[in-house]
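A structural walkthrough
Read off the chains here:
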Amino acid sequence: MFTSRHEVVGEVVEVGSDVSKFRAGDIVGVGAIVGCCRNCHPCKRDIEQYCNKKIWSYNDVYTDGKPTQGGVASSMVVDQKFVVKIPVGMDPEQAAPLLCAGVTVYSPLSHFGLKQSGLRGGILGLGGVGHMGVKIAKAMGHHVTVISSSDKKREEALDHLGADEYLVSSDATKMQEKADTLDYIIDTVPVFHLLEPYLSLLKLDGKLILMGVINTPLQFLTPVVMLGRKTITGSFVGSIKEIEEMLEFCKEKGLTSMIEVIKMDYVNKAIERLEKNDVRYRFVVDVAGSKLDH
């Protein structure tokens, strides 16, 4: 089993009598959600991530009253509805981060009709989600601009991830030059930031798609939106169907996530490094190789 806590990949060791989708030996994955009501409007449309009664795969309470604890364990039991097959040939440790970070980017591009080639997109923030945003958007044939608060990640964005341009948001001159040039911006920044500088980068009918979880109200002047008929919207992880579609897309395009595989005895150090923003771009815990039973 390989896990980023809520992005879990492992081998099926046993199935229940009603399970038809999987069998022992399959390599499968589990994302951020392991339960939903199945009766509400989102559930009936197979977008269970928007169910108000969804059950997180960690830090939540399952239907039996027991806590969900993610994938940091030697095994876990999951309803087959929330399990996906990992495509043959895709490395398990590479697949794990795709189950959240990958689909979090893929879902809005698909839903908002932004999959066609030739679009110009912006990725705001180059972290776990942002780096997958660059890779997936490039694979869709988009011209991709990484937007960051400093010049620190320029080489990584351009030379390693394949972005077409790199824009420092504090460079007012360059920001002005790029006004009205982007069809969309995927905003992955998880802290308060002004929206107006980025809204100005969007073309007519451009979309600013919010993905960072921020507890402080964001601000913008309405004319910046109105005069370009621009949209400020959001998106949340992805459905099981979207995860399956995204995995096939990544297999077809040869996309992988940038990871560092660690063992359980390194987890505390990994958390310290996360706090210092010292990871590119996901830690993946090799649970099976950590010999938890010993």
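Please refer to the structure higher up on the page.
We now turn to the structure provided with this report. (Residues numbered from 1 in each chain as written. Predicted model: local features only at pLDDT ≥ 70, side-chain atom pairs only at ≥ 80, totals over all residues. Heavy atoms only, no water.)

A word on helix H3 (residues 101-111). By the criterion of burial, H3 is predominantly enclosed, with nine of the 11 residues buried. In this fold, the buried residues of H3 make contact with helix H4 (128-139), strand S12 (182-187), strand S13 (202-210), helix H9 (240-253) and strand S16 (282-286). (Buried < 20%, exposed > 50% of the residue type's maximum accessible area, 1.4 Å probe, protein only. Helix = DSSP H or I, 4+ residues; strand = E, 2+ residues; numbered from the N terminus. Contact = heavy atoms within 4.5 Å.)

If you walk through the whole model with that rule in mind, you get three aromatic pairs. Here Trp-56 and Phe-236 contribute two aromatic rings whose centre-to-centre distance is 5.4 Å and whose plane-to-plane angle is 85°, an arrangement assigned as edge-to-face. Here Trp-56 is found in strand S5 (residues 55-56), whereas its partner Phe-236 is found in the loop between strand S14 (231-234) and H9, with 180 residues between them in sequence. In this structure Phe-236 comes out as partly exposed when scored by relative accessible area, which is 26%. Cluster of aromatic residues (ring-pair linked, three or more members): Trp-56, Tyr-58 and Phe-236. (Phe/Tyr/Trp six-rings, centres within 6.5 Å; stacked < 30°, edge-to-face > 60°.)

Before going further, it helps to examine the nonpolar core. Ranked by size, the top nonpolar core spans 49 residues in total, and within it Leu-109, Val-134, Ile-136, Ile-243, Met-246 and Leu-247 carry the most contacts. Elements supplying a minimum of two residues to this core: H3, H4, strand S10 (143-148), strand S11 (165-168), S12 and H9. Of the residues forming this core, the biggest block, six residues, is contributed by H9. Excluding its chain neighbours within four sequence positions, the residues that come into contact with Ile-136 are Gly-102, Val-105, Tyr-106, Leu-109, Phe-249 and Leu-255. (Core = buried A, V, L, I, M, F, W, Y, C linked by side-chain atoms within 4.5 Å.)

This part is about the sheet that holds strand S9 (residues 120-124). The six strands lie next to each other as S11-S10-S9-S12-S13-S14, forming an open sheet whose pairing is parallel. Only two strands of the sheet have a single neighbouring strand rather than two, namely S11 and S14. On average, each strand axis in the sheet is inclined to that of its neighbour by 20°, with strand direction left out of account. Sheet topology note: the S10/S11 ladder contains four bridges and is parallel. Following the sheet pairing, Ser-148 is matched in S11 by Val-168. Here H4 sits on the sheet and contacts S9, S10 and S12; the angle it forms with S10, its principal contact strand, is near 165°. (Pairing = 2+ DSSP bridges. Axes fitted to C-alpha atoms, helices over the stretch in contact; angles between N-to-C directions.)

Here Ile-271 is to be found in helix H10 (residues 267-275). Measuring from C-alpha to C-alpha, the distance between Ile-271 and Phe-283 comes to 9.4 Å, with 12 residues separating the pair along the chain.

With respect to the secondary-structure elements, Thr-68 resides in strand S7 (residues 67-69). In this structure the side chain of Thr-68 is engaged in a polar contact, spanning 3.3 Å, whose partner is the backbone nitrogen of Tyr-58. Those residues within four positions of Thr-68 in sequence are excluded, and the remaining contacts are Val-34, Ile-55, Trp-56, Ser-57, Tyr-58, Asn-59, Asp-60, Val-61 and Tyr-62. (Polar contact = N/O pair within 3.5 Å; in protein donor to acceptor, adjacent residues only side chain to side chain.)

What follows concerns H9. The end-to-end C-alpha distance of H9 is 20 Å, a good match for the 20 Å that 14 residues give at a rise of 1.5 Å each. For H9, the complete set of buried residues consists of Ile-240, Glu-242, Ile-243, Met-246, Leu-247, Phe-249 and Cys-250. On the buried face of H9, the contacting elements are strand S8 (83-85), H3 and H4. (Expected span 1.5 Å × (residues − 1).)

A covalent bond bridging the sulfur atoms of two cysteines is what the word disulfide describes. Going through the model one piece at a time under the given rule, you end up with zero disulfides. Not engaged in a disulfide, the cysteine Cys-40 finds its nearest cysteine sulfur in Cys-43; these two sulfurs lie 3.5 Å apart. For the unlinked cysteine Cys-250, the closest cysteine sulfur is that of Cys-100, found at 13 Å. What makes Cys-250 buried here is its relative accessible area of 1%. (Disulfide = S-S within 2.5 Å.)

S10 sits mainly inside the fold: five of its six residues count as buried. Where S9 and S10 come together, five bridges link them in parallel fashion. Across the sheet, Leu-124 pairs through a bridge with Ile-147, a residue of S10. Handedness of the crossover joining S9 and S10 through H4: right-handed. For the handedness criterion, the β-α-β arrangement of S10, helix H5 (residues 154-160) and S11 is classed as right-handed. (Right-handed = clockwise from strand over helix to strand, strands pointing away.)

Right, let's talk about the pattern of salt bridges for a bit. Here the structure, examined in full by the defined rule, presents 16 salt bridges. A salt bridge links Asp-205 to Arg-229; its shortest N-O distance comes to 2.6 Å. Taken together, the residues span a long stretch of sequence, with Asp-205 in strand S13 and Arg-229 in the loop between helix H8 (222-226) and S14 at a distance of 24 residues. Accessibility expressed as a relative area gives 32% for Asp-205, which makes it partly exposed. Among the residues examined, Arg-229 registers a relative accessible area of 56% and is labelled exposed. Salt bridges sharing common partners tie together Arg-120, Glu-165 and Lys-178. (Salt bridge = Lys/Arg side-chain N within 4 Å of Asp/Glu carboxyl O.)

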